[in-house]
Amino acid sequence: MQKIILFITIMIVALVTKLNAQQLDSIKNESEWYNAGSMPSSYEMGPDKSPEFSNQNVWKMRSVKSEISGFGTLMQTIKSDLYKGKTVKMSGYVKAENVKSWAGLWMRVDYYNADILAFDNMQRRAIKGTKEWQKYEVVLFVPAEATSISYGVLLAGTGQIWFKDVQFEVVGDTVPETGSTKGREHKEISFERRAKAIADQIKRITDQEKKVLKTEVDSLDNQVAKGIISKEKGEELKLKKAKVHAANIDTNAAIEEGKLSQLVQDKVDGKFKDQVTFRDRTKVVFGINTDSIGENSREFNITGLKFYNGQKDKEYRQSKRTTSQIVFAAGFNNLVTNKQAANSDFEYLDSHFYEWGLTYNTRILKDDNLLHFKYGMSLMYNNIRATDNRYFVKNGEQTDLVTSPVHLEESRLRNVYIMVPLHLEFDFTKKEIRDGVSYFRTQKSMRVGLGGYAGFRVKSKQILGFEDINGNDVKQKTKGNYNVNDFNYGLSTYVGYKGTSLYLKYDLQPLFENNTVDQNNISLGLRFDFN
């Protein structure tokens, strides 16, 4: 009964993963090199047919753009069946010319798409600059769980490389591994991850066959439309091809289903140990922390109100398409009268603003990190302090600034708003590529935001400080609307680096509703976005 329940559970997982399984490139012929990488279109890749190499099988990779933030590779993928439990070596000769970033041989041992069991791309001993032909090699151990081995030659950034005489061979176990991720040190893959990986593979097999069938059907429809074949013949050929691909799905999926059945049996037989993870203490940080927190540690960021369960969780959440930030801003505040801020009736240094808020940052383009839409909600405090011993008096529909009969140590009008800020943000943070996966981080470089805000007034309050006739300090706080507009909107912009920006706001709505002279609030200060 236990085996039946487990098997049913895994089949349900297989169906669910069809909705979001990662799509994989189709390899037409595993014996041939094929183009891949994060930016393969930025390179010219293929055999070099120049007279210089007429009697040799030489391949080349050459950048075709002046600036490239990713890499291209020529690669092959083979099944790991013949190499399980063995040490393998990939070697080849490489020649380089003006390689600005780096190049190298690489090899990776995978368990489907669930785990990288061993990996080396020569980044720590990279090929750079201009070099004549030289032999390089990478060595990895292939664990018993491996399902495939991928290897190739990569070029990151600009430049050109040539390679030849690539060999893949089994070597003695005494030969040390060269990779930072060593096959002999890999951790056991959990039952759940294996089950999901097999389910993804079944989905991949089905999707690939359907994709090929659709291409063939479209080709037949095109031939029918052009009169090359009759409609009846087209339908007959479609049926035959559908049967072929259905048989392929049945055959290949049956292999994976057999692995799934064996996996369930191993689970029932107790061959998988329940993994217990011992976690380190939780680190509490304030502000922006760029240090790695480790696989088994946790981090609580007070300013960002974020809790990360390990470094992988932190990287994943910080590179999501939509992230959230706590925003705090403060600075100087004043009123623009008759389109001028000079000779203001209010203190320049003692009039100030504060802003607290929560914003969301959504990357607009899926594969580009430049454009972001930033939106959220903020609580804004605008304070203005009158000069020359004056204060505000509500006079019907007008609000006048009048001279006080007593000496005022403080005269301040505070308006509080709830605002919805909207910005188009240009974030110049470059995407990071690790192990062929793109990570889109934010607030790691220069940022520019253009937009505005709109919202409503929560309250207004005038605060006066003076001495009474007995010499006692008095602070008088008077709430009222002071004819301040209930609705407010304006333009805002910020320019900064990482999480700190210079912040400018200008209210398009005049402060007072019916005054004969329009006065608009303007603010300049620093803004902190805690990601």
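Residues numbered from 1 in each chain as written. Predicted model: local features only at pLDDT ≥ 70, side-chain atom pairs only at ≥ 80, totals over all residues. Heavy atoms only, no water.

1. Some words on empty space enclosed by the protein
Scanning the model with the defined rule gives 3 cavities of 30 Å³ or more in all. In this structure, the second largest cavity occupies an estimated 50 Å³ of space. Secondary-structure elements contributing two or more residues to the lining of the second largest cavity are β15 (371-385), β24 (500-507) and β25 (519-530). With 3 residues, the single largest contributor to the lining of the second largest cavity is β24. (1 Å grid on protein atoms, 1.4 Å probe; cavity = no way out; pocket = protein on both sides within 12 Å on 5 of 7 lines; lining within 4 Å. Points joined across faces, edges and corners; volume = space filled by probe spheres on them. Helix = DSSP H or I, 4+ residues; strand = E, 2+ residues; numbered from the N terminus.)

2. Topic: the environment of Phe141
Assignment of secondary structure puts Phe141 in strand β7 (residues 127-141). Separated by 30 residues in the primary sequence, Phe141 and Val171 have C-alpha atoms spaced 9.7 Å apart.

3. Side note on the confidence of the model for the protein chain
Across the protein chain, the average pLDDT comes to 84, with 85% of residues at or above 70. Taken together, the stretch residues 1-31 has pLDDT below 50 and engages in 40 contacts with residues farther than four places along the chain or on a different chain. (pLDDT = per-residue confidence, 0-100. Contact = heavy atoms within 4.5 Å.)

4. Here's the deal with the packing of helix α2 (residues 191-225) against helix α3 (residues 231-268)
When two helices pack together, you describe them by how their axes are tilted relative to each other and by the distance separating the axes. Contact geometry of α2 with α3 gives a least axis separation of 10 Å together with a crossing angle of 175 degrees. Judged by the inter-axis angle, α2 sits roughly antiparallel to α3. A breakdown of the residues in the contact of α2 with α3 according to their chemical character gives 17 nonpolar, 6 polar and 11 charged. (Axes fitted to C-alpha atoms, helices over the stretch in contact; angles between N-to-C directions. Parallel < 35°, antiparallel > 145°, perpendicular 65-115°, else oblique. Nonpolar A, V, L, I, M, F, W, Y, C, P; charged D, E, K, R; others polar.)

5. A short note on the pairing of strand β8 (residues 148-156)
Of all 9 residues that make up β8, 9 are buried, and the element is covered over most of its length. The alternating pattern of β8 places Ser148, Ser150, Gly152, Leu154 and Ala156 and Ile149, Tyr151, Val153 and Leu155 on opposite faces, both of which are buried. (Buried < 20%, exposed > 50% of the residue type's maximum accessible area, 1.4 Å probe, protein only.)

6. Here's the deal with unusual backbone geometry
Positive phi outside glycine occurs at Lys339, with the angle close to 65 degrees. With respect to the helices, strands and loops of the structure, Lys339 is situated in the loop between β13 (322-337) and β14 (352-363). Despite not being glycine, Tyr482 has its phi angle at roughly 50 degrees, a positive value. Turning to its location among the elements, Tyr482 is positioned in the loop between β22 (473-479) and β23 (487-497).

7. Quick notes on the pairing of strand β17 (residues 398-403)
By the bridge criterion, 6 bridges tie strand β16 (residues 390-395) to β17 in an arrangement that is antiparallel. Within the sheet, the bridge partner assigned to Arg390 lies in β17 and is Thr403. Between β16 and the antiparallel strand that follows it, β17, lie 2 residues; Gly396 among them carries a positive phi value of about 65 degrees. (Pairing = 2+ DSSP bridges.)

8. Looking at the side chain of His352
Mapping His352 onto the fold places it in strand β14. Separated by 3.1 Å, the side chain of His352 and the backbone oxygen of Asp350 make a polar contact. With residues near it in sequence (within four places) discarded, His352 still touches Gly331, Phe332, Asn333, Tyr381, Asn382, Asn383 and Arg385. (Polar contact = N/O pair within 3.5 Å; in protein donor to acceptor, adjacent residues only side chain to side chain.)

9. Here we look at the layout of surface pockets
Of the voids in this model, the second largest pocket is the one considered here, and its volume is about 500 Å³. Residues lining the lining of the second largest pocket come from more than one domain, with at least three contributed by each of domain 1 (30-185) and domain 3 (320-530). (Domains from an automatic or database assignment.)

10. Description of the nonpolar core
One finds Met107, Ile161 and Phe168 to be the most contacted residues of the largest nonpolar core, which totals 47 residues. Here the element with the most residues in this core is strand β5 (residues 87-111); it accounts for 10 residues. If you count residues domain by domain, this core takes at least three from each of domain 1 (30-185) and domain 2 (191-269). Contacts of Ile161, omitting those with residues within four sequence positions, involve Trp59, Lys60, Met61, Val94, Lys95, Ala96, Val99, Ala103, Val153, Leu154 and Leu155. Counting 14 residues, the second-largest nonpolar core is a separate cluster that includes Leu335, Phe392, Met419 and Tyr482. (Core = buried A, V, L, I, M, F, W, Y, C linked by side-chain atoms within 4.5 Å.)

11. Focus: the packing of aromatic side chains
All told, the structure shown has 16 aromatic pairs when counted by the stated rule. Ring geometry for Trp33 versus Tyr151: centroids 6.1 Å apart, planes at 85 degrees, classification edge-to-face. Of the two residues, Trp33 is situated in the loop between α1 (2-16) and β1 (34-37) and Tyr151 in strand β8; the sequence distance between them amounts to 118 residues. Classification of Tyr151 as buried rests on a relative accessible area of 8%. Seen from their ring centres, Phe53 and Trp133 are 6.2 Å apart, and the 85 degrees between their planes marks the pair as edge-to-face. Residue Phe53 is found in the loop between β2 (43-47) and β3 (59-63), and its partner Trp133 is found in strand β7; the two are separated by 80 residues along the sequence. By relative accessible area, Trp133 is classed as partly exposed at 26%. Clustering of aromatic rings is evident, with ring pairs tying together Trp33, Trp59, Tyr83, Tyr151, Phe163 and Phe168. A cation over a ring is seen here: Lys95 above Trp162, with NZ or CZ 5.2 Å from the ring centre. (Phe/Tyr/Trp six-rings, centres within 6.5 Å; stacked < 30°, edge-to-face > 60°. Lys NZ or Arg CZ within 6 Å of the ring centre and 35° of its normal.)

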